[in-house]
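# Topology and contacts: notes
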Amino acid sequence: MSEKPLRSQAWFGRQDKMGFYYRSFLKNRGFPQDQFEGKPVIGICNTWSELNPCNSHFRTIAEHVRYGVLEAGGFPLEFPVSSLGEVTMRPTAMLYRNLAAMDVEEAIRAHPLDGVVLLMGCDKTTPALIMGAASADLPTIGVSGGPQLRGMYRGQAIGSGTNIISMSEQLRAGEITLAEFHEAEAAMNRSSGHCMTMGTASTMASLVEALGVGLPENAAIPAVDARRNELARMAGRRIVQMVREDLVLSKILVREAFENAIRTLGAIGGSTNAVVHLLAIARRIGVDLTLDDFDRLGRGVHCLVDLMPSGRFLMEDFYYAGGLPVVLRTLGEQGLLHRDAPTVNGKPIWENVRGAECWNREVITTWEAPFKPEAGMAILRGNLAPDGAVIKPSAAAPELMRHTGRAVVFESIEALHALKDDEALDIDASCIMVLKNCGPKGYPGMAEVGNMPIPKVLLRQGVRDMIRISDARMSGTAYGTVVLHVAPEAAAGGPLALVRNGDRITLDVAARSLHLHVDDAELAARRAAWVPPAPAATRGYVKMYVDHVQQANEGADLDFLVGRSGSPVPRDNH
Ligand code: FES
Ligand code: MG
């Protein structure tokens, strides 16, 4: 047990004017004096919001964390931070990930806290909270809000986001009624929780568990399953103990933890978005993680879960089948898990998962008969992406893995939308669609638009996939032969900005290369003539974001937020 004095005592342990101040106002809720005399103060960092439907049940989860903290002899204090609703925020929730991370970091440091429980669910809330907490570096446990129950529409399981496009087409064509359309909306989202496919939210909840920041089973328990509340309560109990052990986040988020997370990402067939988020988290905590680590560590990892968007099942099924511990156990048995990596429950990860049992081999496959054999991310480089680009080969068409084609260029997302249905668009299935100005600075916020719609003229010919290249991200529920996260981005003057209609591009995934067949002299001439797009804003947060955001290969954090400052006690406020 640590002898270290509690940080909160720098507020509450004072017997002077300031001690009066710090205690007295809190007593307006009826806290007795003994609450202030050496109980670990646990912040419950809540992203509850009605504007973020995925996190709208978080008041309940917070209550269960609170019970646990009280049971363990701690002093729980819940506080709000910005919440980021993936489906409600425009132009993209990603624009605000770093803002929320700042909110979290500063709130933790400014307040009399000894430890924190992070409540997170919808896509960007998870990285935002872990990034902020990493820079403050107190003892920290992550509690995910859990996935929704599987969508059910007319007897069929439907996943978050699936069928939206096909149903909107059916509506347009008059094949279904507006009432049926509305019925499907309600059928897809029928309980509290975040998207229940293996999209970004479920990917990040799984990585919370793989990183050791969450308790075992964190990833998959449905939001409305009573065991989600139990997990929250156990996190509340455990965080009090972690304060006593001085088990700060930087003791959990070690390099081995990130390597485990990267392999887990492959084994769950997770979202490409996790690449950007893991890089950002690592750079906050001071672990030297690079894009190449994803390529290297992901090689040879099989995808073991048959979940939508690429498979058949949903997170609820994943939980009933045994959940992430089964996947981690399998990785461990293959020598693909750092078994000694620490976790928040105080045990090495292997001890948590070694006895995990699988109850449904259709949902979680064996290593010997995997759902998909090659599951990692491929990191591409070349004169079109000097600082890297990402493709998920398991979501791409095998016949396009080595391909040279003619570029059809869209200067902006608006240009793409204006031209995609144009009958006169000069394009065929062997072409390569190139979308510019959708990166961190460009959109702004690096929106999920990289899985460009196939132009109408090609759809009619039956084309369902083709190579698409951009500096954007794509939704964790999307797939296709899509090259994403091209760095540097077009709006920052990356070579992507210089591509013109008719240029030839070669994608060679096996060689990890992305090459633009334009010589250096011509590129230099184009660069001299290049006019950067007007900045997205001249004031406010968006200006700060555009001025300071880093490129995707560095995690798209703000440059001055990289690293950590810990949690020194600030000056008195009066
Ligand atoms: Fe929130 Fe998908 S919209 S997790
Ligand atoms: Mg999204």
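Residues numbered from 1 in each chain as written. Chains lettered and ligands numbered in written order. Predicted model: local features only at pLDDT ≥ 70, side-chain atom pairs only at ≥ 80, totals over all residues.

## Here we look at the overall build of the chain
Along the backbone of the chain there are 20 helices and 14 strands. In terms of overall dimensions, the chain is globule-like: its C-alpha atoms have a radius of gyration of 24 Å, near the 25 Å expected for 574 residues. In terms of overall dimensions, the chain has C-alpha extents of about 75 × 55 × 50 Å along its principal axes. The buried share among the 574 residues of the chain stands at 56%. (Helix = DSSP H or I, 4+ residues; strand = E, 2+ residues; numbered from the N terminus. Rg over C-alpha atoms; globule rule 2.2 N^0.38 Å. Buried ≥ 20, exposed ≤ 12 C-beta atoms within 10 Å, placed from the backbone.)

## Things to note about the UniProt feature "domain: Dihydroxy-acid/6-phosphogluconate dehydratase N-terminal" (unreviewed entry) in the chain
Under the feature "domain: Dihydroxy-acid/6-phosphogluconate dehydratase N-terminal" (unreviewed entry), the UniProt entry names residues 39-352. For residues 39-352, the end-to-end C-alpha separation is 29 Å, with 47% helix and 9% strand making up the annotated structure. (UniProt positions renumbered as here; feature names shortened; annotations may be inferred.)

## A short note on the pairing of strand β9 (residues 402-410)
Of the pairings in the sheet, the one linking β9 to strand β13 (residues 504-508) comprises five bridges and is antiparallel in character. Each bridged residue has a counterpart across the sheet, and for T404 the counterpart in β13 is T506. Of the pairings in the sheet, the one linking β9 to strand β10 (residues 432-435) comprises four bridges and is parallel in character. Each bridged residue has a counterpart across the sheet, and for V408 the counterpart in β10 is M433. (Pairing = 2+ DSSP bridges.)

## Points about unusual backbone geometry
Omega for the bond connecting Y443 with P444 falls within 30 degrees of zero, at -5 degrees, which places this linkage in the cis form. Within the fold, P444 resides in the loop between β10 and α18 (456-460). A cis amide bond links A487 with the next residue in sequence, P488, at an omega value of -5 degrees. Structurally, the position occupied by P488 is in the loop between β12 (482-483) and β13.

## Concerning the sheet that holds strand β1 (residues 41-46)
Strand order across the open sheet formed by four strands is β2-β1-β3-β4, with parallel pairing between neighbours. At either end of the open sheet lies a strand with only one pairing partner, and these are β2 (75-80) and β4 (140-144). The mean inter-strand angle of the sheet, taken between neighbouring strand axes irrespective of direction, is 20 degrees. Note that strand β3 (residues 115-120) and β4 share five bridges and pair parallel. The residue of β4 that forms the bridge with V116 is T140. Helix α9 (residues 226-245) rests against β1, β2, β3 and β4 of the sheet, and its axis sits at about 175 degrees to β4. (Axes fitted to C-alpha atoms, helices over the stretch in contact; angles between N-to-C directions. Contact = placed C-beta atoms within 7 Å.)

## Re the pairing of strand β14 (residues 513-516)
Of the two faces of β14, the one lined by L514 and L516 is fully buried and the one lined by S513 and H515 carries no buried residue. Of the pairings in the sheet, the one linking β13 to β14 comprises four bridges and is antiparallel in character. Each bridged residue has a counterpart across the sheet, and for D508 the counterpart in β14 is S513. A loop of four residues connects β13 with β14, the two strands running antiparallel in sequence, and R512 in this loop sits at a positive phi of about 60 degrees.

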